[in-house]
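Examining the three-dimensional arrangement
Listed here are the chains, written in short residue letters.
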Amino acid sequence: MLPCVCWLQPILILLSSVLWTRGENCPATCLCPDPHTVDCSGRGLTRLPDEIPLDVRRLLLADNWIPRIPSDFLVLYSDLVYLDLRNNSLSHIEPGTLSTSSRLVFLDLGSNNLTEIPKGTFGESRSLIKLRLGNNPYLSMVSEDAFLGLTSLRELELERNALSSLKVGALSQLPSLRVVRLEGNPWVCNCNFANLFTWLMENSHKLPNGVEGMECSLPMDGRRVSLTQLSKDSFRECQATLTLTDLLIIIFSGISVSVVAIMTSFFLASTVHCFQRWSKGTKGDEEESEE
């Protein structure tokens, strides 16, 4: 028995060292159930914890009071695949913050104070599969290129925000999209919503509850109606509506035509005047010659 004990002793020492190191690297007040998971959920944190292990893969920070993520936060955590920041105090995400995390698969930013998702927010996170942005009561603007480059994204949650409109390009640029949640937003049934309505009708299979779970308000009286009560004919007047760009083009074209007409008239008048003077001069020379 003694030789067996001697043989096991180095293994026991190594195991004890690993367990001790794991506990030592775990941030204070957090739990580390396995070597690659850090769980700091519901700890009343007002900032990101210190001394997060560099090889962390799952970082759980839900139900805290964290107001921001440093733009260089993910530079050191290149192995991170799962990041849960649900129910914090985030008001914005700096563009490029997530672009350095090439392995991020799951990101939950739901139930925060986000107000907009600008272009470049998610950079080149091509491995991202699921993105949660729902339950942000102040989120009223999503850039048309907000999700550009997320070629692997399959699930997108934008439910129960403050969105009254959304550019179709924000969704059509997601080739792998399978599920999208948009219900619970204060959509307005105006011409800005027309293209999104068409997209929703054509992609209703991607909505968990179909279009039955979505409503929009009429611009005239604010009455809420289900999208099932609308059709493409409901937006037929929008086909003849000129956009601001169209109006600017028309105005610029009119000004250009006017300027060209004025210059042409001035050129013709100058030419006629010069011709008349030349004719008078020639006639005077002929009369002098005859005398």
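Nothing here was measured: the structure is a model prediction, and the numbers come from that model.

Let us now look at the state of the cysteines. Across all of its chains, the model carries four disulfides by this definition. The disulfide partner of cysteine 189 is cysteine 216, and the S-S distance across this bridge is 1.7 Å. Its S-S torsion of approximately 90° makes the covalent link between cysteine 189 and cysteine 216 right-handed. Pair noted here: cysteine 189 is in the loop between β11 (187–188) and α3 (191–202) and cysteine 216 is in strand β12 (residues 215–217), with a separation of 27 residues, a long-range link.

Okay, the nonpolar core next. Nonpolar side chains in soluble globular proteins tend to end up buried together. Residues Phe122, Leu131, Leu133, Phe147, Leu156 and Leu200 are the most contacted members of the largest nonpolar core, which totals 64 residues. Elements that contribute at least two residues to this core include exactly α2 (169–172) and α3. A total of six residues in this core trace back to one element, the largest contributor, which is α3. With residues near it in sequence (within four places) discarded, leucine 200 still touches Leu182, Phe193, Leu207, Val211, Met214 and Leu227.

In this section: the UniProt feature "domain: LRRNT" (unreviewed entry) in the protein chain. UniProt records the feature "domain: LRRNT" (unreviewed entry) at residues 25–58, using the numbering of this structure. Span residues 25–58 is 3% helix and 24% strand, its end C-alpha atoms 15 Å apart.

Calculation notes
- Residues numbered from 1 in each chain as written.
- Predicted model: local features only at pLDDT ≥ 70, side-chain atom pairs only at ≥ 80, totals over all residues.
- Heavy atoms only, no water.
- Disulfide = S-S within 2.5 Å.
- Helix = DSSP H or I, 4+ residues; strand = E, 2+ residues; numbered from the N terminus.
- Core = buried A, V, L, I, M, F, W, Y, C linked by side-chain atoms within 4.5 Å.
- Buried < 20%, exposed > 50% of the residue type's maximum accessible area, 1.4 Å probe, protein only.
- Contact = heavy atoms within 4.5 Å.
- UniProt positions renumbered as here; feature names shortened; annotations may be inferred.

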